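Architecture and fold: a report
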Amino acid sequence: MSLVLDAAAQDLLFREARTANSFSDEPVTEEQVQAIYDLVKFGPTAFNQTPLRITLVRSAEARERLVKHMEEGNKAKTAAAPLVAILSADNEFHEELPQLLPHFPQAKDAFFSERPVREQAALLNGALQAAYFIIGVRAAGLAAGPMTGLDFAGVQKEFLDADHTPLMVINIGKPGENAWFPRSPRLDIDQVITTV
């Protein structure tokens, strides 16, 4: 193999990693969440923007409010997961650019003064950060169950505001019994890569 990452890490992060559909009762600690964030915050984004926002749903009351916005097939597993995170994109991320891009603080106004431009950038870069977050969950030895089967407008109204666009909900924890569906096929390299 031409990869620097050892085979066990490759398996943990990619080959053996799966979307979990059930979880054990073992809690996800604040220390684990901190370790995940400390790792994934270094993922690259355009202009070093950081639009991803993570809302951890820990209380029973908040979990009940979230579950009512999940599609039927996602309700039970969201209700039972040790930790659930709502990932959203902050459409006002540009306010942080002077701090995050100190060598080019004028990027805030030069590129992101208009809301539609910010929304597009926040969506793309927030989704990129969400992918890093899933890899970070796996790196912590946990399983992630990312879902987009939900009422996005309902989740936004219940947990966010007009400046935050929900991206997905992720169930997090140690996998439980029968956590995995069979692995679905993937495209071959010649179906994906074109050389010009």
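Notes on the structure follow. Predicted, not measured: the structure shown is a model, and the values here were computed from it.

By the secondary structure assignment, N171 is in strand β4 (residues 164–173). With a relative accessible area of 1%, N171 lands in the buried category. Discounting residues that sit within four places of it in the chain, N171 has contacts with F23, K77, T78, A81, L83, V84, A143, A144, G145 and M147.

Now for the nonpolar core. One finds L87, F133, V137, I170 and I172 to be the most contacted residues of the largest nonpolar core, which totals 24 residues. Examining the composition of this core, we find that 6 residues originate from one element, helix α7 (residues 115–139), more than from any other. In contact with I170, not counting residues within four places along its chain, are L83, V84, A85, L87, F133, I134, A144, G145 and P146.

Those residues of helix α1 (residues 7–15) not exposed but buried are A9, Q10 and L13. Angularly, the buried residues of α1 cover 100° about the axis, an arc narrow enough to put them on a single face. On the buried face of α1, the contacting elements are α7.

Taking burial as the measure, the 8 residues of strand β2 (residues 83–90) include 8 buried ones, the bulk of the element. Where burial is concerned, the two faces of β2 agree: the one with L83, A85, L87 and A89 and the one with V84, I86, S88 and D90 are both buried. Note that β2 and β4 share 8 bridges and pair antiparallel. Bridging across to β4, D90 finds its partner in H164.

Read from one edge of the open sheet, 4 strands run β1-β2-β4-β3, paired in antiparallel fashion. Sheet topology places β1 (52–57) and β3 (143–147) at the edges, where each strand pairs with a single neighbour. Across the sheet, the axes of successive neighbouring strands diverge by a mean angle of 30°, strand direction being ignored. Sheet contacts for helix α4 (residues 72–80): β2, β3 and β4; angle to β3, the most-contacted strand, approximately 145°. Strands β2 and β4 of the sheet are contacted by helix α8 (residues 152–159), whose axis makes an angle of about 90° with β4.

This paragraph deals with the pattern of salt bridges. Scanning the entire structure with this criterion turns up 14 salt bridges. In this structure, R65 and E158 form a salt bridge, with 2.8 Å as the shortest nitrogen-oxygen distance. In this pair, R65 sits in helix α3 (residues 60–67) while E158 sits in helix α8, placing the two residues 93 residues apart along the sequence. Here E158 falls in the partly exposed class, since its relative accessible area comes to 24%.

Turning our attention to a nonpolar patch on the surface. A surface patch of nonpolar side chains, amounting to about 430 Å² of accessible area, comprises L187, I189, V192 and I193. Within the secondary structure, V192 is located in helix α9 (residues 189–192). Residue V192 is classed as exposed on the basis of its relative accessible area of 55%.

Two packed helices can be described by the angle between their axes and the distance between those axes. Contact geometry of α3 with α4 gives a least axis separation of 9 Å together with a crossing angle of 170°. Relative to α4, α3 is oriented roughly antiparallel. Taking contact as the criterion, the partners of R63, L66 and V67 in α3 are, on α4, K75, T78, A79 and A80.

Here the focus is the packing of aromatic side chains. Scanning the entire structure with this criterion turns up 5 aromatic pairs. Where F93 meets F112, the ring centres are 5.2 Å apart and the plane angle is 75°; that geometry is what we call edge-to-face. Separated by 19 residues along the polypeptide, F93 in the loop between β2 and α5 (97–100) and F112 in helix α6 (residues 107–112) bring together distant segments of the chain. Relative to F112, the ring of F111 has its centre 6.4 Å away and its plane inclined at 55°; by these criteria the two rings are tilted. On the basis of relative accessibility, which here comes to 41%, the residue F111 falls in the partly exposed class. Accessibility expressed as a relative area gives 4% for F112, which makes it buried. An aromatic cluster is defined as three or more aromatic residues linked by ring pairs; in this entry it consists of F47, F93, F104, F111 and F112. In this structure, R65 packs its charged tip against the face of F159, placed 4.5 Å from the ring centre.

The rules we used
Residues numbered from 1 in each chain as written. Predicted model: local features only at pLDDT ≥ 70, side-chain atom pairs only at ≥ 80, totals over all residues. Heavy atoms only, no water. Helix = DSSP H or I, 4+ residues; strand = E, 2+ residues; numbered from the N terminus. Buried < 20%, exposed > 50% of the residue type's maximum accessible area, 1.4 Å probe, protein only. Contact = heavy atoms within 4.5 Å. Core = buried A, V, L, I, M, F, W, Y, C linked by side-chain atoms within 4.5 Å. Arc of directions from axis to C-beta. Pairing = 2+ DSSP bridges. Axes fitted to C-alpha atoms, helices over the stretch in contact; angles between N-to-C directions. Salt bridge = Lys/Arg side-chain N within 4 Å of Asp/Glu carboxyl O. Patch = residues over 30% accessible without salt bridge, like charges linked within 9 Å, V, L, I, M, F, W, Y side chains within 5 Å. Areas by Shrake-Rupley, 256 points an atom, 1.4 Å probe, with all protein chains shown as cover. Parallel < 35°, antiparallel > 145°, perpendicular 65-115°, else oblique. Phe/Tyr/Trp six-rings, centres within 6.5 Å; stacked < 30°, edge-to-face > 60°. Lys NZ or Arg CZ within 6 Å of the ring centre and 35° of its normal.

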